[in-house]
Amino acid sequence: METKTKKTGMYENVQVQFNKAADVMKLDEGVRKILSSTNSEIVVHFPVKMDNGKTEVFTGFRVQHNNALGPYKGGLRYHPTLDIDAARALATWMTWKTALAGLPYGGGKGGIEIDPSKYSLAELERITRRFTFALGENIGPDIDIPAPDVNTNAQTMAWIADTFASTKPPSTRFTSMSVVTGKPVGSGGLEGRDRATGFGVVATIKSWAAAKGIELKNKKYIVQGFGNVGYWASHFLKESGAELIAVQDASGTIYNDKGIDPEDLFQYCLTNKGNIAGYKKADAFHASEFFAIPCDIIIPAALGNQITEGNASRIKAVLIAEGANGPTDTIAEEILLSKGIDIIPDILCNSGGVIGSYFEWLQNRRAEIWKIEKVLPLIQEKIDTAFNETVAAAKKHKTDWRTGAYVVALERIERTYKERGVFP
Ligand code: GLU
C-alpha cells in the first residue's frame, strides 16, 4: 500500500471529474465558478502537552467546500497524508455525496496531519480536545458537523462532543452534542451508524448485481483496508454468499483462495493493534500484486489514489466498489472504463455513512433514541434512491456512473442557486 506522506494530488482528480460532469449537463457558468473553489479553509496549529511533559505542536485542517444545501458535513481523519490538497478534495467530494443522497447538507472535511499509532490514548484525547477548541465556532450543529473518517472513531467523536458542549453555555449542553455524528450509542450516537458505510457499500453492490443480472453467491472479492468500512463491507458481502479471498492494509497483504472469514480476521485484528499482518489462516502476499489478484469484485476501503495508471490495466475484477474516498485516479478510471469494468463511484458507494450520520443528527434534534431495526431500512431506502437516480442520469447523458452521480448532485445544487440567487 502506498505510504506517501505528502501531496496526494487528489484535488486535481476532483476538478477533472467535476468539469467532465459540468460539461455533460451544461452547468450554469456562475455555479461552476462557485463550486470550483472551496468556501473556507481553516488551518490551525495547536499545542498539546505529551505524556513525557514536553509540548508538541500539531497541524489540523477543516475545509468547508460548499453549504448551499445545508451545514457543512464530513469526517475528520488522523493521517500523515492529510494536507490542504487532500482536505480540499475530500471536502468537495462530501458536497457531491450529500447532494446525491438528498441530504440537507453541504460538504466539509478535515483532520490532523498525524500518525495516531505513535501516541498514547491519553495523548490522543488531549490532541482531539485541543483541536476541537482550536476549531472554535467554525463547527456547530447548524454550521459544520464532523464525523469519523480514517483513524478516527466513536471515541474521538465523544471527546469532540464533550469538549464542544463543555465550552458552551450549560443550557445548550445537550443540543450542542449534535456538533458531531458517529458518537458512541450512550452519548447520543445512532444504533447502526458503526456499520452504516459498509452496509451501504454492499447495498450498492447488490443493486449493481440486480441491474446486471449477476448472482453474488460464490463471487470472489478482495478488500483494501480492514477498518470500519472494510470490515463491515466484508461482513455484509459474506452474508450475500460471496467469498473474501484477499485483504490488504498498511501492515501487509494476505491471500487465501479458499476464503477468509471476515469475523475471524476481525477478531485477530483486535488482538493485533488493528493490523492484519501475521494472520495465520491466509498466506502473506506481494503488496504490489494485490489489485491484480483474479477476483470478481474489488472494494478499495482505505486511502485515495490507490488504483492508478500503474496497476489499473492488470485488474481482472468486473466491479470496483469504492468504499474509500477517491481510491481511483482519473487516468486509472479511463483505463478501467475502456476495459468495460464497472465502477460504483465513492460518492454513491460509501454514502451509507453520511446517510447514517443524517439520521443520528435528526435523532439528536428530536431528542429521540432510534433502534437499528428502524435505522438500516432508512439508510437502504436513501441509498437505493441515489443508486437509481445515478443509473438513470448516466443513461440519459450516455455517460459513466461517476459522471451520472455528479450530474444528480450538481442539478440539486444548481437549482438551489437559481432559486435563491447570490447575495447581495
Ligand atoms: N467520513 C465519512 C465519509 O467520508 C462520513 C462522513 C459523515 O458521516 O459526515 O463519508
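Heads up: the structure comes first, above all this text.
Residues numbered from 1 in each chain as written. Predicted model: local features only at pLDDT ≥ 70, side-chain atom pairs only at ≥ 80, totals over all residues. Heavy atoms only, no water.

## Thoughts on the site of the ligand
Move 1: Around the ligand there are 14 residues in total, and Lys73, Lys97, Lys109, Asp149 and Ser357 lie nearest to it.
Move 2: Separating an oxygen atom of the ligand from a side-chain N or O atom of Arg193 is a distance of 3.1 Å.
Move 3: The side chain of Asn325 places a nitrogen or oxygen atom 3.0 Å from an oxygen atom of the ligand.
Move 4: Calculation on the ligand without its partners gives an accessible area of 290 Å², and the protein chains cover 94% of this total. (Near = heavy atom within 4 Å. Polar contact = N/O pair within 3.5 Å; in protein donor to acceptor, adjacent residues only side chain to side chain. Areas by Shrake-Rupley, 256 points an atom, 1.4 Å probe, with all protein chains shown as cover.)

## Comments concerning unusual backbone geometry
Move 1: A cis geometry characterises the amide bond from Phe423 onward to Pro424, with omega recorded as 10°.
Move 2: Assignment of secondary structure puts Pro424 in the segment after helix H15 (401–420).
Move 3: Of note in the backbone geometry, Lys273 takes a positive phi value of approximately 55° without being a glycine.
Move 4: Topologically, Lys273 is positioned in the loop between helix H9 (262–270) and strand E9 (283–284).
Move 5: Positive phi values are uncommon outside glycine, yet Lys398 reaches one of about 50°.
Move 6: With respect to the secondary-structure elements, Lys398 resides in the loop between helix H14 (372–396) and H15.
Move 7: With a relative accessible area of 78%, Lys398 lands in the exposed category. (Helix = DSSP H or I, 4+ residues; strand = E, 2+ residues; numbered from the N terminus. Buried < 20%, exposed > 50% of the residue type's maximum accessible area, 1.4 Å probe, protein only.)

## With respect to the pairing of strand E7 (residues 243–249)
Move 1: Summarising burial for E7: six of the seven residues are buried, a large majority.
Move 2: Taken together, the five bridges between strand E6 (residues 220–224) and E7 define a ladder with parallel strand orientation. Within E7, the position partnered with Tyr221 by the bridge is Leu244.
Move 3: Regarding topology, helix H8 (residues 228–239) serves as the crossover connection from E6 to the parallel E7, and that connection is right-handed.
Move 4: Here E7 folds back onto strand E8 (residues 252–255) in antiparallel fashion, the turn holding two residues. (Pairing = 2+ DSSP bridges. Right-handed = clockwise from strand over helix to strand, strands pointing away.)

## Quick look at the nonpolar core
Move 1: Residues Trp96, Ile205, Trp208 and Ile299 are the most contacted members of the largest nonpolar core, which totals 91 residues.
Move 2: With 10 residues, the top contributor of residues to this core is helix H3 (residues 84–100).
Move 3: Core analysis: the next-biggest nonpolar cluster, separate from the first, contains 24 residues, Tyr78, Ile139, Met177 and Val180 among them. (Core = buried A, V, L, I, M, F, W, Y, C linked by side-chain atoms within 4.5 Å.)

## Brief notes about the packing of H14 against H15
Helix packing for two helices is described by the angle between their axes and how far apart those axes are.
Move 1: Between H14 and H15, whose axes approach to 7 Å, the crossing angle comes to 105°. Taken together, the axes of H14 and H15 lie roughly perpendicular to each other. Mapping the contact onto sequence places Phe387, Glu389, Thr390, Val391, Ala393 and Ala394 in H14 and Trp401, Gly404, Ala405, Val407, Val408 and Arg412 in H15.
Move 2: Of the residues assigned to the contact of H14 with H15, the class counts are eight nonpolar, two polar and two charged. (Axes fitted to C-alpha atoms, helices over the stretch in contact; angles between N-to-C directions. Parallel < 35°, antiparallel > 145°, perpendicular 65-115°, else oblique. Contact = heavy atoms within 4.5 Å. Nonpolar A, V, L, I, M, F, W, Y, C, P; charged D, E, K, R; others polar.)

## Observations concerning the sheet that holds E7
Move 1: Ordered by their spatial adjacency, seven strands build an open sheet running E9-E8-E7-E6-E10-E11-E12, and the pairing between neighbours is mixed. Taken across any chain shown, the strands that pair with only one partner, and hence form the sheet edges, are E9 and strand E12 (342–344).
Move 2: Pairing analysis gives four bridges linking E7 to E8, with the strands arranged antiparallel. The residue bridging Asp249 from the neighbouring strand is Gly252, located in E8.
Move 3: Of the strands in this sheet, strand E10 (297–300), strand E11 (319–321) and E12 are in contact with helix H7 (residues 196–212), which crosses E12 at around 145°.

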